[in-house]
Each structure stands twice: as C-alpha cells, then as structure tokens.
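An overview of the molecular structure
So the chains spell out like this:
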Amino acid sequence: MPPLTPPKSGDALFASVDRVNAELFTLTYGAIVRQLLTDLEEVEEVNKQLDQMGYNMGTRLVDEFLAKSNVSRCVDFKETADVIAKLGFKMFLGVTATVTKWDAEGTSCSFVLEDNPLVDFVDLPDTCQGLQYCNVLSGVIRGALEMVSMKTEVTWVRDMLRGDDAYEMRVKLIKQVPEEYPYKDDD
C-alpha cells in the first residue's frame, strides 16, 4: 500500500489552483450582482438568488477541494470548520478566515474574514442597504457542507460594506445527515 500523502497547506493549495485575474473576478461578480438588482428589483430576492448561486457552486467546489487538498475525512464539525477556514478559503479566494465564537455544543461558529476579494471596488448605494453582497459565499459554504453530509444554516453577522470592522459569517450545524448509498448490498 502506498504511503498516505499528507494534506497540503493553504498556500500550497492556492498555488496549485488555476486562477483568473482578481480584478476581472471581482468586477464580473459585481456585474452579476448589478444585473440581478436590475432584473429582480427586490433586494431580498437578490439575496436569495446569490445564496442559491453560491449553493450550486459549493456543491461542485467541494469535489475539487477534496481532490486537490488530500484532506482526510473530518471527525466533527469543529475540524470541518477549521479546514474550511484555513484551506478552503485560501484555495479559492486566497484569504484565510478565523473560526471564533463556538457555542457550548460545538455546533455553531463564526468565520471572520479580515479581507474579502469580492468587495474590492464596491460601494453600496443607500437603495441597497439590505443587500447581502457576499451572500454567494454563504451559499458556497452551505452547499459544500451539504455534500459532506452536514445540513447547515449560514447567515451574515457583520459586513464591512455596512461599516463593520470585519466580515463575519455565522454557521450553524442543523443536523448531520447519514450517508446514503445508491444501492443495497444483497445478503
């Protein structure tokens, strides 16, 4: 049996992923949000659509993450959150998050981002104060965790676009979904 390959570091993962120009990515995302605001008109509908877009991305990004990171199965939600904060954010956004504010049961925590490349060049107008501009990220986290059998609820607590000192996303584990196999063993 070949020796197990140790998990890669966040910096090694970031270096190994094909990237697009950061400004192009940021401006393209901004154009998508702007178009959604034009098409849907209601800020709450835009928030829902951004979350759904992120969810769809997360269900696919988790496969790439698991294939490239060499991370073994996490034993609990705390370990999973740590892997997302240190490796997942670094691999796909080039930043790391801090995991804080655990509840007593270990089923709820916050990801705090000091830097968020999605918001470069962004100023929210007064008419968009209810907009969760980075809601795509909460959808990505929710979708990725669902693919590894964790049903979660993800909400934004702080947002620098609204004058806060950091970006804080609250992640709550609703339930651990048992893995289902598409077929049954014949006895």
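Read on for an overview of the structure. Predicted model only: the values in this text are computed from it and were never measured.

Let us look at the environment of V136. Summarising the element assignment, V136 is placed in helix α5 (residues 135-147). Counting along the chain gives 80 residues from V136 to N56, while the straight-line C-alpha distance between them is 9.6 Å. Filtering out sequence-adjacent residues up to four positions away, V136 remains in contact with Y29, L50, M53, G54, M57 and L118.

Turning to the sheet that holds strand β3 (residues 150-158), a few remarks are in order. Spatial strand order, β1-β2-β4-β3: 4 strands in an open sheet with antiparallel pairing. The sheet is open, and its two borders are formed by β1 (98-100) and β3, each paired with just one other strand. Within the sheet, the average angular offset between the axes of one strand and its neighbour, ignoring direction, is 30°. Pairing geometry for β1 and strand β2 (residues 108-113), over 3 bridges, is antiparallel. In the strand pairing of β2, V99 is matched with F111. Those strands touched by helix α4 (residues 77-93) are β1, β2, β3 and β4 (167-176), and its axis lies near 10° from that of β2.

Within soluble globular proteins, side chains that are nonpolar generally end up buried alongside one another. Judged by nonpolar contacts, the single largest core of 38 residues is most densely connected at F89, F111, L131, Y133, L137, I141 and M169. Of all the secondary structure elements, the ones that give two or more residues to this core are α2 (22-40), α3 (43-69), α4, β2, α5, β3 and β4. Here this core takes 6 residues from α4, the largest share from any one element. In this view, L137 contacts L93, L113, N116, L118, W156 and M169; residues no more than four positions away in its chain are not counted. V71, V83, L87 and M91 belong to the second largest nonpolar core, which has 5 residues in total.

With respect to the secondary-structure elements, S108 resides in strand β2. Expressed as a C-alpha distance, the spacing of S108 and E153, which sit 45 residues apart in the sequence, is 9.3 Å. Aside from chain neighbours lying at most four places away, what touches S108 is F77, K101, W102, D103, R170, V171 and K172.

With that settled, consider the pairing of β4. As judged from the 6 bridges shared by β2 and β4, these two strands associate in the antiparallel manner. Directly across from L113, in β4, lies its bridge partner Y167. When β3 meets β4, the two strands line up antiparallel, connected through 8 bridges. Residue pairing across strands places T155 opposite R170, the latter belonging to β4.

Considering the arrangement of structural elements, one finds T59 in helix α3. Beyond its immediate sequence surroundings of up to four residues, T59 is in contact with G143, A144 and M147.

Calculation notes
- Once a new chain begins, its residue numbering starts again from 1 and follows that chain's sequence as written.
- Since the coordinates come from a predicted model, pLDDT governs what is reported: local features require at least 70, and pairs of side-chain atoms require 80 or more to be given and counted, while whole-chain, interface and lining totals use all residues.
- Side-chain figures throughout are based on the complete set of non-hydrogen atoms in the structure, without hydrogens or water.
- Counting from the N terminus, the helices are DSSP H or I runs at least four residues long and the strands are E runs at least two residues long.
- Any two residues having at least one pair of non-hydrogen atoms within 4.5 Å are treated as being in contact.
- The pairing criterion for strands is at least two bridges between them, as found by DSSP.
- Axis definition: a line fitted to C-alpha atoms, limited for helices to the stretch in contact. Angles are taken between N-to-C directions and run from 0 to 180 degrees.
- Put simply, buried Ala, Val, Leu, Ile, Met, Phe, Trp, Tyr and Cys residues joined by side-chain atoms within 4.5 Å make one nonpolar core.
- Burial classification: accessible surface area is computed with a 1.4 Å probe over protein chains only, and a residue below 20% of its type maximum counts as buried, one above 50% as exposed, and the rest as partly exposed.

No statement about biological role is implied by the geometric values presented.
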